[in-house]
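This is what each chain is made of:
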Amino acid sequence: GRVFYVPLDTGRPSHAAVRGVVESVAYATIERVARGKVGAGRPTDVPERVTGPAPPPPAAPRKLEPVVEDVPVIPFAPLHDVSAAGDAEALSAILSGGEFDANVRAGPNRSAPLHLAASSTHSAAGACVVLLLVAGADLCLEDGKGRTAPRVAVAEGVRNAFRRARHAMGEEVFDWGAAGVGPPLSEDGVRAKKEKLAEKKRRQRANAKARKETERAEREMEEKRSAEKAEQKRSEEKDKKEADDEKRRRAHLPATGAGTKKNACDRCLLSKPWVKRSQMFSRLDFVYCSMECVRAHQRTLAAEAAEARFAK
């Protein structure tokens with residue numbers, strides 16, 4: 001037989017194209033004619049025509065519709081209610097009755113009592129978890145979202161309750177790790193953890209106390225330095241005032257008081273608010289409000305000099 005190559009319009013044919021070729025070849029009819037010559041006279045069998053049914057069009061891909069199961073919601077039983085509420089006393093009373101199934105899943109999430117107790121934030125939720133495990137609750141049972149009870153626990157006390165149960169019940173009861181329970185936790189471990197936490201709090205309080213003492217000492221030191229600077233400034237101002245008064249006394253000028261303005265005349269102590277001290281008359285180390293005060297001070301100094309000469 002011969003091998004015929006079927007030309008396709010793409011380099012990598014699609015499934016629909018290959019299917020069309022296969023169906024065409026499968027239903028084709030080949031008719032032969034008498035031997036003849038083609039071209040330069042080379043004999044050959046020339047097919048006259050190829051007939052057959054037209055290939056059927058490729059079927060459209062079917063869209064798979066999601067199958068939604070109409071699962072009825074099972075209402076909560078009293079065992080579910082007390083587990084969700086974290087009521088250990090009521091749960092113990094129900095479990096002691098004997099007629100219960102600790103693995104019944106109910107509610108919109110198909111949660112077992114152990115799931116509800118694990119997700120509770122009540123202070124007694126850990127005790128409810130232990131009671132349910134002892135009563136035969138399946139730790140590896142999943143809810144409607146594929147979660148085990150330890151994986152829905154939010155409170156640290158509940159997670160520690162699962163770890164204590166792992167230590168008490170043994171590794172062969174459940175696959176604790178696959179269910180999401182941490183390493184076993186014994187009572188000694190709980191006590192050591194509490195002591196470690198208490199020691200940490202003591203160190204924090206001691207550090208806070210030491211930090212406050214350091215801040216108080218630094219504050220007292222800063223206040224002392226501020227007081228010393230203020231005292232030094234007052235002492236310098238006093239010395240400066242005494243030196244200025246002595247200089248004024250030798251120059252026969254009146255002493256300045258607390259009410260003396262900065263731009264007051266050094267002789268008459270009169271102040272002119274509209275005149276700056278730099279704009280006043282100056283002679284040696286003193287300033288005057290007018291030339292009259294300048295001349296009057298000059299006469300006073302000249303008289304003192306003459307009196308000193310006559311005294312000799």
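Residues numbered from 1 in each chain as written. Predicted model: local features only at pLDDT ≥ 70, side-chain atom pairs only at ≥ 80, totals over all residues. Heavy atoms only, no water.

Some words on the overall build of the protein chain
The line we're drawing: A run of H or I in DSSP becomes a helix once it reaches four residues, and a run of E becomes a strand once it reaches two; helices and strands are each numbered from the N terminus. Note on classification: 1.4 Å probe, protein chains only; a residue is buried when its accessible area is under 20% of the maximum for its type, exposed when over 50%, partly exposed between these limits. We call two residues in contact whenever any of their non-hydrogen atoms come within 4.5 Å of each other.
Counting its regular elements, the protein chain contains nine helices and six strands. Counting across all 312 residues of the protein chain, residues that qualify as buried make up 23%. Of all intrachain contacts in the protein chain linking residues separated by at least 6 positions in sequence, the fraction that spans at least 24 positions is 49%.

Examining the confidence of the model for the protein chain
Note the following rule: Each residue carries a pLDDT value, the predictor's own confidence for that position, ranging from 0 to 100.
Counting all residues, the mean pLDDT for the protein chain is 82, and 81% of those residues have values of 70 or more. Contacts for the low-pLDDT stretch residues 37–44, under 50 throughout, to residues beyond four places or in other chains number eight contacts.

A few points about the pattern of salt bridges
To keep it simple, the criterion reads: Salt bridges are defined as contacts in which a side-chain nitrogen from Lys or Arg sits within 4 Å of a carboxyl oxygen from Asp or Glu.
If you walk through the whole model with that rule in mind, you get 13 salt bridges. Its salt-bridge partner being Glu213, residue Arg216 comes within 2.8 Å of it at the nearest N-O pair. With Arg216 and Glu213 both in helix H8 (residues 187–250) and three residues apart, the pair spans about one turn of that helix. For Arg216, a relative accessible area of 34% gives the class partly exposed. Ionic pairing is found between Arg250 and Glu246, a salt bridge with its closest N-O pair at 3.5 Å.

Examining the side chain of Ser120
Looking at the element boundaries, Ser120 is found in the loop between helix H4 (113–119) and helix H5 (125–134). The exposure class assigned to Ser120 is buried, which follows from its relative accessible area of 7%. Residues within four places of Ser120 in sequence aside, it is in contact with Ser83, Ala84, Ala85, Gly86, Ala125 and Val158.

Comments concerning unusual backbone geometry
Despite not being glycine, Arg110 has its phi angle at roughly 55°, a positive value. Inspection of the secondary structure assignment puts Arg110 in the loop between helix H3 (88–97) and H4.

Description of the packing of helix H2 (residues 78–85) against H3
To keep it simple, the criterion reads: Only the stretch in contact is used when a helix axis is fitted, and all axes are lines through C-alpha atoms; the angle between N-to-C directions ranges over 0 to 180 degrees. Roughly parallel means an angle under 35 degrees; roughly antiparallel means over 145; roughly perpendicular covers 65 to 115; every other angle is labelled oblique. Put simply, a crossing is left-handed when the front helix is turned counterclockwise from the back one by less than a right angle, and right-handed when it is turned clockwise. When residues are sorted by character, Ala, Val, Leu, Ile, Met, Phe, Trp, Tyr, Cys and Pro go into the nonpolar class, Asp, Glu, Lys and Arg into the charged class, and all the rest, Gly among them, into the polar class.
One can describe the packing of H2 onto H3 by two numbers: an axis separation of 8 Å at closest approach and a directional angle of 150°. Our classification of the angle between H2 and H3 gives roughly antiparallel. Here the hand of the crossing between H2 and H3 comes out left-handed. Within the contact between the two elements, H2 uses Pro78, Leu79, Val82 and Ser83 and H3 uses Ala90, Leu91, Ile94 and Leu95. Residue composition of the contact of H2 with H3, grouped by class: seven nonpolar, one polar and no charged.

A look at the nonpolar core
Under the convention used in this document: To qualify as a nonpolar core, a set must consist of buried Ala, Val, Leu, Ile, Met, Phe, Trp, Tyr and Cys residues joined through side-chain atoms within 4.5 Å.
Leu114, Leu132, Leu133, Leu139 and Phe162 are the most contacted members of the largest nonpolar core, which has 27 residues in total. Elements with a contribution of two residues or more to this core: H2, H3, H4, H5, helix H6 (156–169) and helix H7 (176–179). Ranked by residues supplied to this core, first place goes to H5 with five residues. Once residues within four sequence positions are removed from consideration, Leu139 is found in contact with Leu114, Leu133, Thr148, Ala149, Pro150, Phe162, Phe174, Trp176, Ala179 and Val181. Counting 11 residues, the second-largest nonpolar core is a separate cluster that includes Met280, Phe286, Val287 and Cys293.

A few points about H5
The criterion, for reference: The arc in question is the one traced by the directions running from the helix axis out to the C-beta atoms.
Turning to H5, its buried residues are Ala125, Gly126, Cys128, Val129, Leu132 and Leu133. Down the axis of H5, the sector holding all buried residues measures 160°, keeping them to one side. On its buried side, H5 packs onto H2, H3, H4 and H6.

A look at the packing of aromatic side chains
Short version of the rule: Note on aromatic pairs: the rings of Phe, Tyr and Trp (six-membered ring only in Trp) are paired at centre separations within 6.5 Å, and the planes decide the class, stacked below 30 degrees, edge-to-face beyond 60, tilted for the rest. By the criterion adopted, a ring carries a charge over it if an Arg CZ or a Lys NZ lies within 6 Å of its centre and within 35 degrees of its normal.
Counted according to the given criterion, the structure contains one aromatic pair. Its end group placed over the ring of Phe286, Lys247 keeps NZ or CZ at 5.6 Å from the ring centre.

What about the environment of Arg147?
Looking at where Arg147 falls in the secondary structure, it is placed in the loop between H5 and H6. Judged by its relative accessible area of 31%, Arg147 is partly exposed. The spatial distance from the C-alpha of Arg147 to the C-alpha of Ala179 is 8.6 Å, given a sequence separation of 32 residues. Setting aside residues up to four positions removed in sequence, Arg147 forms contacts with His115, Leu141, Glu142 and Val152.

Things to note about a negative patch on the surface
Put simply, the test is: Patches here are clusters of residues that have more than 30% relative accessible area and form no salt bridge, with a 9 Å joining cutoff for like charges and a 5 Å cutoff for nonpolar side chains (Val, Leu, Ile, Met, Phe, Trp, Tyr). Per-residue accessibility takes into account occlusion by the displayed protein chains alone, with areas from the Shrake-Rupley method and a 1.4 Å probe. For the purpose of counting charges, residues Lys and Arg are taken to be positive, whereas Asp and Glu are taken to be negative. His and the chain ends are not included. A charge is said to be at NZ when it belongs to Lys, at CZ for Arg, at CG for Asp and at CD for Glu.
Together, Glu236, Glu237, Asp239 and Glu242 make up a negatively charged patch on the protein surface. Checked against the element boundaries, Glu236 lands in helix H8.

A look at the packing of H5 against H6
Axis angle and axis distance: for two packed helices, these are the angle between their axes and the distance between the axes, and together they describe the pair. The N-to-C vectors of H5 and H6 enclose an angle of 35°; their axes lie 8 Å apart at closest approach. By crossing handedness, the relation of H5 to H6 is classed as right-handed. Contacts between H5 and H6 involve Ala125, Gly126, Val129, Val130 and Leu133 from the former and Val158, Ala161, Phe162, Ala165 and Met169 from the latter. Here the contact of H5 with H6 is composed, by residue class, of nine nonpolar, one polar and no charged.

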